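Reading the structure
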Amino acid sequence: MTDSERFDRLPATAADRSVNDRPTREDVCTWWSDRYGIPQATFDGFSFWERGNGKIWVARGTEPDPVAIQGLGMLALRTRGEHWKPTTNAVQRFGAAATRNVIALSPEEARAFIAGEDQELSWDGDWGYLIATLSVADRSVPLGVGLYVYGELRSTVPKGRRRELSPW
Amino acid sequence: MEVLERYRPIIDDFEAFEAACRRPLPKVVRVNPIKTTPAAVQSLFDTTGIAYEPVDWSDRLLRLATDAPGRTLGWYLGWVHGQEEVSALPAHLLDPAPGDRVLDACAAPGSKTTQLAALMDDRGRLIANDSNLGRLSALRSNAERLGLTNVAVTNRDGRELSFEAFSFDRVDAALVDVPCSCEGTIRKNPDALDRWSRDHVEGLSGVQKGLLRRAVRLTAPGGRVVYSTCTFAPEENEAVLDHVLEKEDCRLVDQDLPIEHAPGVTKWNGETYDPAVRRAARIYPHHNDTGGFFCATIEVGA
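About the thresholds
Residues numbered from 1 in each chain as written. Chains lettered and ligands numbered in written order. Predicted model: local features only at pLDDT ≥ 70, side-chain atom pairs only at ≥ 80, totals over all residues. Helix = DSSP H or I, 4+ residues; strand = E, 2+ residues; numbered from the N terminus. Rg over C-alpha atoms; globule rule 2.2 N^0.38 Å. Contact = placed C-beta atoms within 7 Å. Nonpolar A, V, L, I, M, F, W, Y, C, P; charged D, E, K, R; others polar. Pairing = 2+ DSSP bridges. Domains from an automatic or database assignment. Buried ≥ 20, exposed ≤ 12 C-beta atoms within 10 Å, placed from the backbone. Arc of directions from axis to C-beta. Core = buried A, V, L, I, M, F, W, Y, C linked by C-beta atoms within 7 Å. Axes fitted to C-alpha atoms, helices over the stretch in contact; angles between N-to-C directions. Expected span 1.5 Å × (residues − 1).

**Overview of the overall build of chain B**
The secondary structure content of chain B amounts to 9 helices and 15 strands. A compact globule built from 302 residues would reach a C-alpha radius of gyration of about 19 Å, and chain B, at 19 Å, matches this within 12%. Projected onto the principal axes, the alpha-carbon positions of chain B cover approximately 55 × 50 × 35 Å. Within chain B, contacts between residues separated by at least 24 positions form 76% of all contacts whose residues are at least 6 apart in sequence.

**Concerning the interface of chain B and chain A**
Each partner contributes residues to the interface: chain B has 33 residues there, and chain A has 30 residues. At the level of elements, α2 (38-48), α3 (73-76), α6 (133-145) and β7 (151-154) of chain B are the ones that each hand at least two residues to the side of chain B that touches chain A. The greatest single-element share of the side of chain B that touches chain A, amounting to 5 residues, is contributed by α6(B). For the side of chain B that touches chain A, a count of residues per class yields 13 nonpolar, 13 polar and 7 charged. Sheet topology places strand β5 (residues 71-72) of chain A next to β7(B); 2 bridges connect them, and they run antiparallel. Directly across from A:L72, in β7(B), lies its bridge partner B:A152.

**Let's talk about the domain arrangement of chain A**
Residue and element names in this part refer to chain A. In terms of domains, chain A is made up of domain 1 (3-95) and domain 2 (101-161). Each of domain 1 and domain 2 has a C-alpha centre, and the two are 23 Å apart. Contact residues are listed per partner, giving 9 residues for domain 1 and 10 residues for domain 2. Only α1 (25-36), β7 (85-86) and α2 (88-94) provide two or more residues apiece to the side of domain 1 that touches domain 2. Ranked by residues supplied to the side of domain 1 that touches domain 2, first place goes to α2 with 3 residues. In terms of residue class, the side of domain 1 that touches domain 2 is built from 3 nonpolar, 4 polar and 2 charged.

**Looking at the sheet that holds strand β4 (residues 67-68) of chain A**
Residue and element names in this part refer to chain A. Pairing is antiparallel in the open sheet, where 6 strands are placed in the order β4-β1-β2-β3-β6-β7. Of all strands in the sheet, those bounded by a partner on one side alone are β4 and β7. Taken together, the 2 bridges between strand β1 (residues 6-9) and β4 define a ladder with antiparallel strand orientation. Note that in β4 the partner of F7 across the bridge is V67.

**Overview of helix α3 (residues 107-114) of chain A**
Along α3(A), the residues classified as buried are A:A110, A:F113 and A:I114. Projected down its long axis, α3(A) carries its buried residues within an arc of 90°, all on one side. On the buried face of α3(A), the contacting elements are β10 (128-136), β11 (139-149) and β12 (152-155) of chain A together with α3 of chain B.

**Details of the nonpolar core**
By size, the foremost hydrophobic cluster in this structure holds 122 residues, and its most contacted members are A:W57, B:A174, B:V176, B:A215 and B:Y227. Considering each element in turn, this core owes the most residues, 6 residues, to strand β15 (residues 293-300) of chain B. Shared between two domains, this core takes at least three residues from each, and those domains are domain 1 (3-95) and domain 2 (101-161) of chain A. Once you skip the residues sitting within four places of it in the chain, B:V176 turns out to touch B:A105, B:C106, B:L211, B:L212, B:A215, B:V225, B:V226 and B:Y227.

**Some thoughts on the environment of A:W32**
Residues and elements named next belong to chain A. Its location among the elements puts W32 in helix α1. Given 23 C-beta atoms within a 10 Å radius, W32 is considered buried. Residues W32 and F94 lie 62 residues apart in sequence; the distance between their C-alpha atoms is 9.6 Å.

**Quick look at the sheet that holds strand β8 (residues 102-104) of chain A**
All names here are of chain A. On the basis of which strands lie adjacent, the open sheet formed by 5 strands has the order β8-β10-β11-β12-β9 and mixed pairing. Since the sheet does not close on itself, it has two edges, and those belong to β8 and β9 (119-120), each with one partner. As paired elements, β10 and β11 share 9 bridges and run antiparallel to each other. In the sheet register, I131 faces β11, and the bridge partner there is V145. In this fold α3 packs onto β9, β10, β11 and β12, with an angle of close to 60° to the strand it touches most, β11.

**Concerning helix α7 (residues 198-217) of chain B**
Residue and element names in this part refer to chain B. The terminal C-alpha atoms of α7, which comprises 20 residues, lie 29 Å apart, in line with the 28 Å expected from a rise of 1.5 Å per residue. Within α7, the full set of buried residues consists of L204, S205, Q208, K209, L211, L212, R214, A215 and V216. Where the residues of α7 are buried, they touch β5 (101-104), β8 (171-177), β9 (219-229), α8 (238-247), β10 (250-253) and β15.

**Overview of unusual backbone geometry**
A:P66 follows A:D65 through a cis peptide bond whose omega is -5°. On the secondary structure map, A:P66 appears in the loop between β3 (55-60) and β4. In this model, B:A108 is joined to B:P109 through a cis peptide bond whose omega is 0°. Position of B:P109 among the secondary structure elements: in the loop between β5 and α5 (111-119). Despite not being glycine, A:N101 has its phi angle at roughly 55°, a positive value. Inspection of the secondary structure assignment puts A:N101 in the loop between α2 and β8. Of note in this structure, A:D138 is not a glycine but carries a positive phi near 65°. By the secondary structure assignment, A:D138 is in the loop between β10 and β11.

**Comments concerning the environment of A:V67**
All names here are of chain A. If you trace the backbone, V67 turns up in strand β4. Note on V67: 20 C-beta atoms within 10 Å, which makes it buried. Sequence separation between V67 and F7 is 60 residues; the distance between their C-alpha atoms is 5.3 Å.

**Comments concerning the pairing of β7(B)**
It is a general feature of regular strands that their side chains alternate between the two faces of the sheet. Residue and element names in this part refer to chain B. Of the two faces of β7, the one lined by V151 and V153 and the one lined by A152 and T154 are each fully buried. Pairing geometry for strand β6 (residues 125-129) and β7, over 4 bridges, is parallel. Bridging from a neighbouring strand, L126 pairs with V151 of β7.

Spelled out as structure tokens, the structure:
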């Protein structure tokens, strides 16, 4: 069994922790809530797993711990490094409930963001990872994650997910 | 194309069949209900100038005028996934319920897997297995783009699969969409028949029998298994069913197919198959302007 095939379930709280530095379920739910205002109850019925170095996966339901398989739910969050970084896919799935650190893009800004481009934009809030949204079919739809620093929104859409949309 | 000549004795209106095989295939996308609704997708397509036409038997399938659905906003958002109309039949027939445990024995690259997960409302557990590690990465990226969290991915030979990593040893339902000679994809891949040989078909048939038998054994009594291929060869279709009906405790059941089709054949090249194989469905390109397909529904014995 290699590390890359093994999923370890996050402990519920720090008191349940057996591996130093492993984030807890409580840490993860609190982070989504503190950073983006996503209610912690959003994750009721889901389990969180670490595979590899600080990569946190989210899965519906649970499984025996640990479990050695190729995939379990979706990669949701990277917790190594000073600032935790959510994935494009997790933000698209769970980010519609966000109430803060959300930046609404115009269609042209969204097109550049989806293509992976950095762009100068004004933003009143703190620097860091923002959820970028676009109004589609009368709703605010999360597109992915942008890193806002120095007056610039840097798209973090992974290379394989970027698209030059045509037609729009 | 001359490969298909061998099916002249079993296909009605063979000239219409041949003509349909030469036409390009309409592009179809499936709406992903985990992230959106059919109405929102239609609104998005209207706004962005993408022409579409609903498929009459499912409000989640839309025929598109664009050749590149992969470059649309709906694709990026995981609101739609490209999936040929007939390819949407097996999951429709299996019709798993939210909360079920389901196996997709040959899952990559994941069109049917993600459809199963959507029918399960992203609840329960869907084991997506495939023996090909490279193709599993495509499956994973499709499942994640579509926002799914109930999928567990395994990389095993489906003929020797077990659920030892999990808390259960049987599933409620299974899809066995086997590797096949892909004759029915000729409209999408004009070179699909270039490497066709009788030996290749016979070799595939052996693998398919092993895959279906294993899936039947991994399904709880009373559970259902859907077997499907995208080929016309009876060696890969009715012969596989005939073998598994004889070796395992299971039976073929009637299917309520929403599109025109022909029954399974009971005689082929001097072989005779169990009469129950007539309950299987052969879908020819000239029937519904689709690709070619084969599907059968099995109920596992108590």
